[in-house]
Amino acid sequence: MPNYITALNQKITATVAATPGICVFGQNINTGTFITGLTKNLAVPPDGRIINTQNSENSLCGMGFGMMLSGARCIYFAKQLDFMLLGVDHFVNTYNFIRCSRPTATLGSFSILALVCDQGLQGPQSSFNSFGDFCSIARIPCYSVTNSQDAARIIGTELVAPGFRMIGLSSRLFKTEFLELPLVHAAGDGSVFQYTEGGDATIACFNFSLPHGRALQQALAAKGRQASLFSVNYVPQPDWSPIRDSVAKTGKLIVFDDSKSVHLPAYRLLDEVAQAGRPFRRWTVTRGEDVDFGMSTDEFRVDIGALVSQVLA
Amino acid sequence: MFDRLDIAQRHLAVKVLQVRHWQHVVNEALKKNVFPVPVHVAFGHEAAAVAIGAMMQAEDSLVLTHRNIAYNLARAGALQPVYDEYMRLPSGAGAGRLGSMNLSNPGHGVVYTSSILGNNFGVACGVALANRLAGRAGLVSVLTGDGAMEEGTFYESVALAQSHGLRCLFVVENNNHALASTIDQRRCPIDLAKLCGGVGVPFLRLSGNDVFAYASAFAEVRNTVMSASAPACVEIDVTTMNRHAGATPGWPTDPMNVDFQRGLVIAERTIDPVFVLKQVLAPALYAELEREVLMHPGSP
């Protein structure tokens, strides 16, 4: 079983190699560590191009949009999501222009594939972990890839589809075993994936927290309780109905969100379910708040045993 | 002094007068507050806009800024689609969705227009790179001003274009203003020739507002860019003879005053491309061209 980064590298290289005319670019994508293995063995068809670029994130984001506007397909590999803050002008302003002037089907494709530094090893300036905020500021589809099912869908189709999106990979999961999960349901827009079906509890995982949700689902199964397990991507106007319907049956919702943001998308789900009007018990597992002389911790520790006890109580 | 013009020269001269005339129409409408969007008029930019428009071939692209009116009018060759866009009408060049500061017109080569300073350089590089990958032989001209070129992405994009052999022409309209600040008021001088020279990009500076001279210069620059498959940069000295945005005058005692009733010429100096044109044409010829333009206002 390959680890997370190896499995994703294989899927990415396969998709890129099969896409005519694709242009892939970014810093160090064909040299050094190949962005920690992410772009290793990258190859494009004869009419494609691999460009090892200068360090100009803002201009490179604009370049990707210019290529998309001209009908080209391109992928920008970024070593850290933090660096993409320099491109926010384009995510908002350039993207707004494009969606007001051209139907998506007439556009080329532009994807940004960024590593999210969520492992807490690179200091306070390399720990931006708020994909949902990117999505919110410009209504961009942002996908946090965590397992074989969402990778197949997001890397296999969305990566080179017409239009713009961002895809995040978790540094924390790099060396962990790549999760191979069964698929119960996948929303057409890639917003909601369901991996297990059960009537005792509903588990919804945001950002890169799926392994924690999976651990809870398995711990409950060991106690003879079956849970429905979902992961959610930051897609504007997602269809929450599979999760809402599940909670209507189970009456229990456990939400995991390991992103660092005040405006967690998980809160939107809780709101949505609450508006359905049926009573339910809820558990929300998030990072701690920022503290004086410091900030929210990078580690995302979850006491699964305690959660199981509470859910079973 | 010209007492006759060949077809190409006549086209240039008529275009300068048309763009000036249509801007007057827009300015008079602005005085009456008829537009629901802000408009950045560009009296004084006509020679550059017409010369660049004339330089463009069918496969070329233009990437503009918020002060795009002269370029859009020159490329569209008509007032109505631009005027309608300012009115946010479906018949506008952007179907009423883009307004003034983002007005593009892909059918006439204006593929992208940004109201955000420096935002358009990277996009222009992307359009040029897509051309190159697809084997299309188009030149991408990207406009900016002495204010927006202060953004770091200007330098980044010039280097990016040079690094990857992009057919990109960076055009800096230097009107010595960013909002209400002159260059002296906000920064040290930037020697664009040296900046471009530092990354090996050819540089040319134009001044004088003679549309015939500008057209020749841009045709030559286009040849250079296309044959070398590499970028170039042109800085043009421009005087914007109107307020930053909105009508001129903007208030009853505004010292800046533009009035269509006084004719097409705004300033009897070389800062005015129409005045320069009037100086280089025989009076009878200028009168004939002016009459032709005013008789066909292109509505409204």
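Not measured: the values here are computed from a predicted model.

Conventions we followed
- Residues numbered from 1 in each chain as written.
- Chains lettered and ligands numbered in written order.
- Predicted model: local features only at pLDDT ≥ 70, side-chain atom pairs only at ≥ 80, totals over all residues.
- Heavy atoms only, no water.
- Helix = DSSP H or I, 4+ residues; strand = E, 2+ residues; numbered from the N terminus.
- Rg over C-alpha atoms; globule rule 2.2 N^0.38 Å.
- Buried < 20%, exposed > 50% of the residue type's maximum accessible area, 1.4 Å probe, protein only.
- Contact = heavy atoms within 4.5 Å.
- Areas by Shrake-Rupley, 256 points an atom, 1.4 Å probe, with all protein chains shown as cover.
- Lys, Arg positive; Asp, Glu negative; His and termini not counted.
- Charge placed at Lys NZ, Arg CZ, Asp CG, Glu CD.
- Salt bridge = Lys/Arg side-chain N within 4 Å of Asp/Glu carboxyl O.
- Pairing = 2+ DSSP bridges.
- Buried area = accessible area lost by both parts, 1.4 Å probe.
- Polar contact = N/O pair within 3.5 Å; in protein donor to acceptor, adjacent residues only side chain to side chain.
- Nonpolar A, V, L, I, M, F, W, Y, C, P; charged D, E, K, R; others polar.
- Axes fitted to C-alpha atoms, helices over the stretch in contact; angles between N-to-C directions.
- Parallel < 35°, antiparallel > 145°, perpendicular 65-115°, else oblique.
- Left-handed = near helix turned anticlockwise from the far one by under 90°.
- Domains from an automatic or database assignment.
- Expected span 1.5 Å × (residues − 1).

**Observations concerning the overall build of chain A**
Turning to step 1, where the next piece is worked out: Secondary structure assignment for chain A yields nine helices and twelve strands.
Turning to step 2, where the next piece is worked out: In terms of overall dimensions, chain A is globule-like: its C-alpha atoms have a radius of gyration of 19 Å, near the 20 Å expected for 313 residues.
Turning to step 3, where the next piece is worked out: Across its three principal axes, chain A shows a C-alpha extent of roughly 60 × 40 × 40 Å.
Turning to step 4, where the next piece is worked out: Taken across its 313 residues, chain A has 58% of its residues classed as buried.
Turning to step 5, where the next piece is worked out: Intrachain contacts of chain A at a sequence separation of at least 6 include 80% that bridge at least 24 residues.
Turning to step 6, where the next piece is worked out: Carbon and sulfur atoms make up 51% of the accessible area of chain A, which amounts to about 12,100 Å² in all.
Turning to step 7, where the next piece is worked out: If you average the places of the 25 positive and of the 25 negative side-chain charges in chain A, the two averages end up 4 Å apart.

**Focus on the pattern of salt bridges**
Turning to step 1, where the next piece is worked out: Tallied over the entire structure, the rule returns 18 salt bridges over all chains.
Turning to step 2, where the next piece is worked out: For the salt bridge of Asp 118 of chain A with Arg 172 of chain A, the shortest nitrogen-to-oxygen distance reads 3.3 Å. With Asp 118 of chain A in the loop between strand E4 (109-116) and helix H4 (131-138) and Arg 172 of chain A in the loop between strand E6 (163-170) and strand E7 (185-186), this residue pair connects regions lying 54 residues apart in the sequence.
Turning to step 3, where the next piece is worked out: By relative accessible area, which is 1% here, Asp 118 of chain A ends up buried.
Turning to step 4, where the next piece is worked out: Of the residues examined, Arg 172 of chain A reaches a relative accessible area of 23% and is grouped as partly exposed.
Turning to step 5, where the next piece is worked out: The closest approach of N and O atoms between Arg 205 of chain B and Asp 237 of chain B, which form a salt bridge, is 2.6 Å. Of this pair, Arg 205 of chain B sits in strand E5 (residues 203-206) while Asp 237 of chain B sits in strand E6 (residues 232-237); the two residues are 32 residues apart in sequence, bridging distant segments of the chain.

**What about the pairing of strand E8 (residues 192-196) of chain A?**
Regular strands have side chains that alternate between both faces of the sheet.
Residues and elements named next belong to chain A.
Turning to step 1, where the next piece is worked out: Of all the five residues making up E8, five are buried; the element is thus mostly covered by neighbouring parts of the structure.
Turning to step 2, where the next piece is worked out: Judged from the two bridges that link them, E7 and E8 form a sheet pairing that is antiparallel. By the bridge assignment, Ala 186 is partnered in E8 with Phe 193.
Turning to step 3, where the next piece is worked out: The antiparallel hairpin formed by E7 and E8 contains five residues in its connecting segment, where Gly 190 sits at a positive phi of about 75°.
Turning to step 4, where the next piece is worked out: In the sheet, E8 pairs with strand E10 (residues 227-232) via four bridges, with the strands oriented antiparallel.

**Structural notes on the interface of chain B and chain A**
Turning to step 1, where the next piece is worked out: Listed by partner, the interface residues are 26 residues for chain B and 22 residues for chain A.
Turning to step 2, where the next piece is worked out: In total, about 2,100 Å² of surface goes out of reach between chain B and chain A, with carbon and sulfur atoms giving 64% of it.
Turning to step 3, where the next piece is worked out: Three residues stand out in chain B for area buried against chain A, namely Leu 133, Glu 156 and Leu 160 of chain B, and they jointly supply 25% of the buried area on that side.
Turning to step 4, where the next piece is worked out: Across the chain B-chain A interface, the total number found is zero salt bridges.
Turning to step 5, where the next piece is worked out: Viewed at the interface, chain A and chain B are joined by twelve residue pairs in polar contact (both at pLDDT 80 or more).
Turning to step 6, where the next piece is worked out: Listing elements by their share of the side of chain B that touches chain A, those giving two or more residues are strand E2 (110-113), helix H5 (119-134) and helix H6 (152-163) of chain B.
Turning to step 7, where the next piece is worked out: In terms of residue class, the side of chain B that touches chain A is built from twelve nonpolar, ten polar and four charged.

**Quick word on the packing of H5 of chain B against H6 of chain B**
Residue and element names in this part refer to chain B.
Turning to step 1, where the next piece is worked out: Where H5 meets H6, the axes come as close as 8 Å, and the angle between the chain directions of the two elements is 15°. Classified by the interaxial angle, the pair formed by H5 and H6 is roughly parallel. The crossing of H5 and H6 is left-handed. Where H5 approaches H6, its residues Phe 121, Gly 122 and Cys 125 are matched on the opposing element by Thr 153, Phe 154, Ser 157, Leu 160 and Ala 161.
Turning to step 2, where the next piece is worked out: In the contact of H5 with H6, the residues fall into five nonpolar, three polar and no charged.

**Overview of the domain arrangement of chain A**
Residue and element names in this part refer to chain A.
Turning to step 1, where the next piece is worked out: Per the domain assignment, the segments making up chain A are domain 1 (4-170) and domain 2 (185-312).
Turning to step 2, where the next piece is worked out: If you look at the interface, domain 1 gives 29 residues, while domain 2 gives 22 residues.
Turning to step 3, where the next piece is worked out: Across the domain 1/domain 2 interface, buried area totals approximately 1,900 Å², and carbon plus sulfur atoms make up 56% of it.
Turning to step 4, where the next piece is worked out: Together, Asn 129, Ser 144 and Arg 153 form the three largest contributors to the area buried by domain 1 at its contact with domain 2, with a combined 25%.
Turning to step 5, where the next piece is worked out: Taken together, the links from domain 1 to domain 2 amount to zero salt bridges.
Turning to step 6, where the next piece is worked out: Our enumeration of links across domain 1 and domain 2 arrives at eleven residue pairs in polar contact (both at pLDDT 80 or more).

**Observations concerning the side chain of Gln 80 of chain A**
Turning to step 1, where the next piece is worked out: The residue Gln 80 of chain A is located in the loop between strand E3 (73-78) and helix H3 (88-101) in this model.
Turning to step 2, where the next piece is worked out: On the basis of relative accessibility, which here comes to 6%, the residue Gln 80 of chain A falls in the buried class.

**Focus: H5 of chain B**
All names here are of chain B.
Turning to step 1, where the next piece is worked out: Along its 16 residues, H5 runs 24 Å from first to last C-alpha, staying within 8% of the 22 Å computed at 1.5 Å per residue.
Turning to step 2, where the next piece is worked out: Counting buried residues in H5 gives 14 out of 16 residues, a clear majority hidden from the surface.
Turning to step 3, where the next piece is worked out: Directly beyond the C-terminal end of H5, a positive phi value near 75° is found at Gly 135.

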